[in-house]
Amino acid sequence: MPISADFEKRLNAVLPRAAEHFGTPFHIYDEQGIEENCAAFNRAFADTPYREYYAVKANPNPAVLRLLAAHGFGFDCSSLPELTAAALAGAVGHDICFTSNNTSPAELDAAVRLGVLINVDDETVLDKLAARGEVPDTLCLRVHPGNAAGEAGASYLGDPQSAKFGIRVDRLSVVCARARRIGVEHFGLHMMLGSGYLTPQPFLLSLDLLLEQVETLHRDLGVLPGFVNLGGGIGIPYRPEEKPFDLPALGAAVGARLRDWELATGLPRPRLLFESGRYVTGPHGVLVTRVLNRMSKWREYVGVDAGMSALMRPAIYGAYHHITVPDGSDRRHEVVDVVGSLCENNDKFAEQRTLPIVTEGDLLLIHDTGAHAHSMGFTYNGRLRPQELLLRRGGSVERIRRAESENDYFATLQCRPDVLVPVTDPVGVR
Ligand SMILES: *Cc1c(COP(=O)(O)O)cnc(C)c1O
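Rules used throughout
- Residues numbered from 1 in each chain as written.
- Predicted model: local features only at pLDDT ≥ 70, side-chain atom pairs only at ≥ 80, totals over all residues.
- Heavy atoms only, no water.
- Near = heavy atom within 4 Å.
- Polar contact = N/O pair within 3.5 Å; in protein donor to acceptor, adjacent residues only side chain to side chain.
- Areas by Shrake-Rupley, 256 points an atom, 1.4 Å probe, with all protein chains shown as cover.
- Nonpolar A, V, L, I, M, F, W, Y, C, P; charged D, E, K, R; others polar.
- UniProt positions renumbered as here; feature names shortened; annotations may be inferred.
- Helix = DSSP H or I, 4+ residues; strand = E, 2+ residues; numbered from the N terminus.
- Contact = heavy atoms within 4.5 Å.
- Core = buried A, V, L, I, M, F, W, Y, C linked by side-chain atoms within 4.5 Å.
- Buried < 20%, exposed > 50% of the residue type's maximum accessible area, 1.4 Å probe, protein only.
- Domains from an automatic or database assignment.
- Patch = residues over 30% accessible without salt bridge, like charges linked within 9 Å, V, L, I, M, F, W, Y side chains within 5 Å.
- Salt bridge = Lys/Arg side-chain N within 4 Å of Asp/Glu carboxyl O.

Peer 1: In this structure, what is going on with the site of the ligand? I would like to understand it.
Peer 2: Lining the immediate environment of the ligand, one finds 15 residues, of which Lys-57, Ser-195, Glu-275, Arg-278 and His-372 sit closest. Within the contact set of the ligand, an oxygen atom lies 2.5 Å away from a side-chain nitrogen or oxygen of Ser-195. Contact distances for the ligand include 2.6 Å between an oxygen atom and a side-chain N or O atom of His-372. Within the complex, the protein chains bury 93% of what would otherwise be the 390 Å² of accessible surface of the ligand. Of the residues belonging to the shell around the ligand, the class tally is 3 nonpolar, 7 polar and 5 charged.

Peer 1: Where do I start with the UniProt feature "active site" (unreviewed entry) in the protein chain in this structure?
Peer 2: Per the UniProt record, "active site" (unreviewed entry) is annotated on Cys-343. Mapped onto the secondary structure, Cys-343 falls in the loop between β13 (333-339) and β14 (348-356).

Peer 1: Teacher, can you tell me more about the side chain of Asp-76 here?
Peer 2: With respect to the secondary-structure elements, Asp-76 resides in strand β3 (residues 74-77). For Asp-76, the side chain forms a polar contact with the side chain of Thr-99, separated by 2.5 Å. Beyond its immediate chain neighbours, meaning those up to four positions away, Asp-76 contacts Tyr-53, Tyr-54, Ala-55, Val-56, Glu-82, Cys-97, Thr-99 and Glu-275.

Peer 1: Whenever I open this one, the nonpolar core confuses me. Can you help?
Peer 2: Buried together is how nonpolar side chains tend to be arranged in soluble globular proteins. Residues Phe-41, Phe-75, Leu-250 and Phe-274 are the most contacted members of the largest nonpolar core, which totals 82 residues. Of all the elements, helix α9 (residues 201-221) adds the most residues to this core, at 9 residues. Each of domain 1 (31-282) and domain 2 (283-405) gives at least three residues to this core. If you look at the next biggest cluster of nonpolar residues, it comprises 18 residues, including Ala-310, Val-336, Phe-349 and Leu-355.

Peer 1: Would you take a moment to explain the UniProt feature "binding site: substrate" (unreviewed entry) in the protein chain for this structure?
Peer 2: UniProt tags Arg-278, Arg-313, Tyr-317 and Glu-344 as "binding site: substrate" (unreviewed entry). A stretch of 67 residues holds the annotated residues, and the largest C-alpha distance among them is 26.5 Å, long enough that they do not meet in one place. Tracing the backbone through its elements, the reader meets Arg-278 in helix α11 (residues 278-281). Assessed through its relative accessible area of 11%, Arg-278 is described here as buried. Apart from residues lying up to four places away in sequence, Arg-278 is in contact with Ala-58, Ser-195, Gly-196, Ile-234, Gly-235, Ile-236, Tyr-238, Pro-283, Arg-313, Ala-371 and His-372. A distance of 3.1 Å separates a polar atom in the side chain of Arg-278 from a polar atom in the side chain of Ser-195. Structurally, the position occupied by Arg-313 is in helix α12 (residues 313-317). Judged by its relative accessible area of 7%, Arg-313 is buried. In contact with Arg-313, not counting residues within four places along its chain, are Tyr-238, Arg-278, Gly-318, Ala-319, His-321, His-372 and Met-376.

Peer 1: Would you explain the side chain of Thr-324 in this entry?
Peer 2: As for its position among the elements, Thr-324 is in strand β12 (residues 323-324). One polar contact links Thr-324 to His-367, side chain to side chain, over a distance of 2.7 Å. Residues within four places of Thr-324 in sequence aside, it is in contact with Leu-364, Leu-365 and His-367.

Peer 1: What exactly am I supposed to notice about a nonpolar patch on the surface here?
Peer 2: On the surface, Tyr-409, Phe-410 and Leu-413 cluster together to form a nonpolar patch covering roughly 310 Å² of accessible area. Counting through the fold element by element, Leu-413 comes out in the loop between α13 (406-410) and α14 (426-429). On the basis of relative accessible area, Leu-413 is assigned to the exposed category, the value being 63%.

Here is the structure:
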């Protein structure tokens, strides 16, 4: 969706100078927009005991994470570098939840050592915690959504049998009882149905499913989970015709549901947790790229100086990202493909898009790159990841990550010489 008029105004005020000073391409994030969105998120759930744990995979830059931490957000991590990114933003202990899957021993070690809130994705994690002899007193159990993900639509989990995340509902009591035996005292439950939802309904569905499990655990085991984590997945309108997610409506509906449940069951309502990524920062970033080449083949091509290494979503999901041309509104329009330089024909930011006519040297803005953009980048074909800038309140622009260089690309070749020689077979030698 077109970036907010406010962000556009702030951006236009600095754009030509920033492009000149820092060079293109770059992602630029809007401090004011991010902070206003954090405040709005907190307002939407003000009547419910709640905390948002930002999904670090969406934008792991510590300069961005620090903005979120200042609004009381915690962080959801699933790898060692993400734990480090959260720590760099000042998060400690239960400011972090660790929602890994297919967890490695090193990851489990780090999670226990840092005292973060571990989200148990599989019963084997309990075996490993028990074997270490160091069991956290609080654990979150991630519940497999079963058929629910399909019911909610727009699932990224695929069909229920193929979803790899979480503990099956019919095993939950057994796993919880086991966790209690090895020393866990406090529990929470987690479920994530999918990503990119634009209506509250899927979140209310997962809340109902989790509340049902809270009752079951209470009835069967006398365990009362203290929080329910509804995961991430709140969508943003990438297309101009899509409506923004109504977060206040979700806040009100969730609050009402929890109050009703409390009255009906006589049990205290659990705290509410989210791990939203896209919704928090997605609309507050833009990829700024310059037109390198105008090319005519069967189609008209606009070749730009960024590519899939900066933003993969169009190539891998066929995702729509809105594109605008600063000062382009008075120009005539044409239909073009906007392409990067990678030797893959899906290295396109847009196909057959109507845009103002551009010439070489013009700037293009590719919208909604504040989440799942830079962080998904890769270096295939020697295409390196671009720099990240932060547009501060007050209008200054700060580089918060430099562009990758050829030195970075070759850095991993500099390793300790190490050779494993073939084992000679004494029988064969004879
Ligand atoms: C990806 C993911 C998120 C964030 O998803 P968004 O769509 O960015 O909100 C949160 N939690 C988990 C476990 C995830 O895998």
